[in-house]
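# Results of the structural survey
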Amino acid sequence: MPAIDARRKAFSVVSSVHSAIAEVERLNKKSPMSPQAARDATIDWMKMVTPTLKGFDALAAPTVTENSELIESIFDVLAQIGHDRVTGKGLFANQAIRHEEIYAAALLVPQIAKAATDLKPVDENVSADEIVKPIDELLAQPDRIAELTAALRTMQSIGVAPVNDGPLFSAVLKNQIAEVIKRKGPKSELEGIYEKVGAEFIAIVGDRPIGSYRRVDLQEYANEISWLSPNASSSDSYRHENVKTYIARNKKAQGQGLAAKSIRDGRISHLKAIIGRGCEDNDQQNRVANTRVRVPDRARPPVKHKAPEPHALNYVLNVAVDTEGLTTPLMLALGTLTGRRVSLLATLRREALVRWHDVYVIEVETHRYENGVWTRIPFKTNESRECIVVPNALVEAGFVTWAQQAPGPMFPEFMACADPGDAAQKRVNRVIQKIIDKHKLPRFTYHGLRAGRIDDALDNQIAPHLVQHQVGHKADSVHGRYRSLTPKQASLIANQPLPEGVDWSCLERLDFSAPQTPTRKRRTSEQLKVVRARRTRSK
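Residues numbered from 1 in each chain as written. Predicted model: local features only at pLDDT ≥ 70, side-chain atom pairs only at ≥ 80, totals over all residues. Heavy atoms only, no water.

### Description of the overall build of the protein
For clarity, the cut-off: Think of it this way: any DSSP run of H or I at least four residues long counts as a helix, any run of E at least two long counts as a strand, and we number them from the N terminus. Accessible area is worked out with a 1.4 Å probe on protein chains only. A residue is then buried under 20% of its type maximum, exposed over 50%, and partly exposed in between. For this analysis, residues touch if any pair of their heavy atoms sits within 4.5 Å. Only the protein chains shown count as cover for residues, and the accessible areas themselves come from Shrake-Rupley with a 1.4 Å probe.
A count of helical and extended segments in the protein gives 24 helices and five strands. Scored against the burial criterion, the 539 residues of the protein give a buried share of 42%. Taking the contacts inside the protein whose residues are at least 6 apart along the sequence as the reference set, 72% of them involve residues at least 24 apart. For the protein, the exposed surface amounts to about 30,700 Å²; the carbon and sulfur share of it is 53%.

Following this line, the structure appears as structure tokens:
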């Protein structure tokens, strides 16, 4: 193409940019746009045409190639570069690399153009031995193979040579979500987490081939997501795909971001799992497997749950027994005396309480056949499945007599909710904080009862492995994991001294006749879908 024609085309493209500005102005008059939206639309258009302008500029150079097929192919690539750069998706989405410079060089540099087009046809008269001979000679030179491999990787890294890094992240994510649904059933917590984390990662880093991600990509994601407000997802209009908008808003306000644990365990660990499985399934090198992603300093570190002060626990427990019916006081008593997780206690059933030698235990179920459906009962670890020894103080207070009256859930109010454990934790913590605020007591949460039970048991010389059994913790050693609970050990747990500083006569005032009727009906499947989506956004 003559230089004058190239310049004319370049001018036509530049004029199209001006046309875009005029079009934005026209749309703004018809349907008012915010200044920021108008500016973004104009900039996106200019980003899209910049690679093509670079190509036209190369055509005006005296060394430009005359191969029309090469020119047409390169301009197709330049157009794709502009598209990927604006959408943030595709092979050329990484804006840290100026891909257009590489392809423009193929127009300008005769050696590159010749290498790209000088394909000699195979002589049909050449024998197979003559074709194989140079390959055999190359295979006999491992050093030469290593040099060529390194050269190829260098060319791939700068975009000169094509690279196959497998399917896009979005395709891998879709397949893994489908796999999670098959393994755990629809609407599982992990399904929601993958949808959230995957959408955020694509919005922040871009949708690229699964094998192309490096440590810097995960680090960029961690740096940016640390600015996401913990309350951003509480808005009904919040969408994971728009996470960059909420991050920018919180950056401007210098507001609180996500906690370190949420970034490390709730996001980075899942991203590594998605990328790792995607690379394994598609025969790609996993370049993030052993990388260390540092959580930004601005992220709040984990807060250790402290055991409640004895006088605060005494006040909360006694007030709850006298004012909160049965469900909340009983949850508080079980949490204080067994140290078990609230999510497990909320799903206990009356018929699971059985006599074992001279003590009572509650067997922990993992699955249940109910209303014609085989259902999995959520539990956190295998150690959580250890039976719960009922303290004799609760037996004497009438807990066993009440539980044996009829089969069914111990806490029907929580079982009527989409997530019984979440509902139990929120309700009991609300009661705790209400009493604490009213009487100006030292703060603690329900999970702090777990820490208190462990501390108190160790203070009373209870063997560590028995404490681990009762609270559902993993044994410290392989030897300890082979030990099983004996009747004598169960009796020691059941008769463990009660925590000091609490008036335990309050257990005698537990009103086991108080109603436990759910305040609402179990949600429909559509309602559960909305609730779980909102809850996933908030994590």
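### Overview of the pairing of strand E1 (residues 353-356)
To keep it simple, the criterion reads: Pairs of strands are assigned from DSSP output, requiring at least two bridges between the strands.
In the sheet, E1 pairs with strand E2 (residues 359-362) via four bridges, with the strands oriented antiparallel. Directly across from Trp356, in E2, lies its bridge partner Val359. Linkage of E1 to E2, two consecutive antiparallel strands, is achieved through a turn of two residues, within which His357 is found at a positive phi near 60°.

### Section: helix H14 (residues 327-338)
Heads up, the rule is: Helices are assigned an expected span. That span is 1.5 Å times one less than the residue count.
Helix length check: H14, at 12 residues, gives a terminal C-alpha distance of 16 Å against a target of 16 Å (1.5 Å per residue), a fit within 8%. Burial within H14 is extensive, with 12 of its 12 residues counted as buried. Regarding H14, the residues found buried are Thr327, Thr328, Pro329, Leu330, Met331, Leu332, Ala333, Leu334, Gly335, Thr336, Leu337 and Thr338.

### Re the environment of Ser170
One can find Ser170 in helix H8 (residues 169-184). With 36 residues separating them in the primary sequence, Ser170 and Gly206 have C-alpha atoms 9.6 Å apart. Setting aside chain neighbours within four positions, we find Ser170 in contact with Ile202 and Asp207.

### What about the sheet that holds E1?
Reading across the sheet, the three strands line up as E1-E2-E5 and stay open at both edges, with antiparallel pairing between neighbours. Unpaired on one side and paired on the other, E1 and strand E5 (388-389) mark the two borders of the sheet.

### What about the packing of aromatic side chains?
Defined as follows: For Phe, Tyr and Trp, rings pair up if their centres lie within 6.5 Å, where Trp contributes its six-membered ring, and each pair is then called stacked (planes under 30 degrees apart), edge-to-face (over 60) or tilted (otherwise). Placement of a charge over a ring requires the Lys NZ or Arg CZ to be within 6 Å of the ring centre, with the centre-to-atom vector within 35 degrees of the ring normal.
Counted by the stated rule, this structure contains nine aromatic pairs. Consider the rings of Phe92 and Tyr103, whose centres lie 6.2 Å apart with planes at 85°: the pair is edge-to-face. Here Phe92, found in the loop between helix H3 (68-87) and helix H4 (99-108), pairs with Tyr103, found in helix H4; they are 11 residues apart in sequence, far enough to count as distant. Take Phe92: its relative accessible area is 12%, and that puts it in the buried class. Classification of Tyr103 as partly exposed rests on a relative accessible area of 21%. Ring geometry for Phe399 against Trp402: centres 5.9 Å apart, planes inclined by 35°, an arrangement best described as tilted. Residue Phe399 and its partner Trp402 are both found in helix H17 (residues 399-403); the two are separated by three residues, about one turn of the helix. Members of the aromatic cluster, each reached through a chain of ring pairs, are Phe169, Phe201, Tyr213 and Tyr221. Between Arg249 and the ring centre of Tyr246, over which it is positioned, the NZ or CZ distance is 5.0 Å. One Lys or Arg, Arg298, reaches over the ring of Trp227 and ends 3.5 Å from the middle of that ring.

### Some details on unusual backbone geometry
With a phi close to 55°, Gln254 is a non-glycine residue in the positive phi region. Along the polypeptide, Gln254 turns up in the loop between helix H11 (243-253) and helix H12 (260-281). By relative accessible area, Gln254 is classed as exposed at 59%. With a phi angle near 65°, Gln461 is a residue other than glycine that sits in the positive phi range.

### With respect to the pattern of salt bridges
Heads up, the rule is: Any Lys or Arg side-chain nitrogen found within 4 Å of a carboxyl oxygen on Asp or Glu counts as a salt bridge.
A complete count under the given rule lists 14 salt bridges for this structure. We note a salt bridge from Glu324 to Lys434, for which the minimum N-O separation is 2.9 Å. Here Lys434 lies in helix H19 (residues 420-439) and Glu324 lies in the loop between helix H13 (310-323) and H14, a separation of 110 residues in the sequence. The exposure class assigned to Glu324 is buried, which follows from its relative accessible area of 19%. In this structure, the salt-bridge partner of Glu413 is Arg427, at a minimum N-O distance of 3.3 Å. Remark: Arg427 occurs in helix H19 and Glu413 occurs in helix H18 (residues 412-415); sequence separation between them is 14 residues. Among the residues examined, Arg427 registers a relative accessible area of 25% and is labelled partly exposed. Connected through salt bridges with shared partners, the residues Lys261, Arg264 and Asp265 form a single ionic network.

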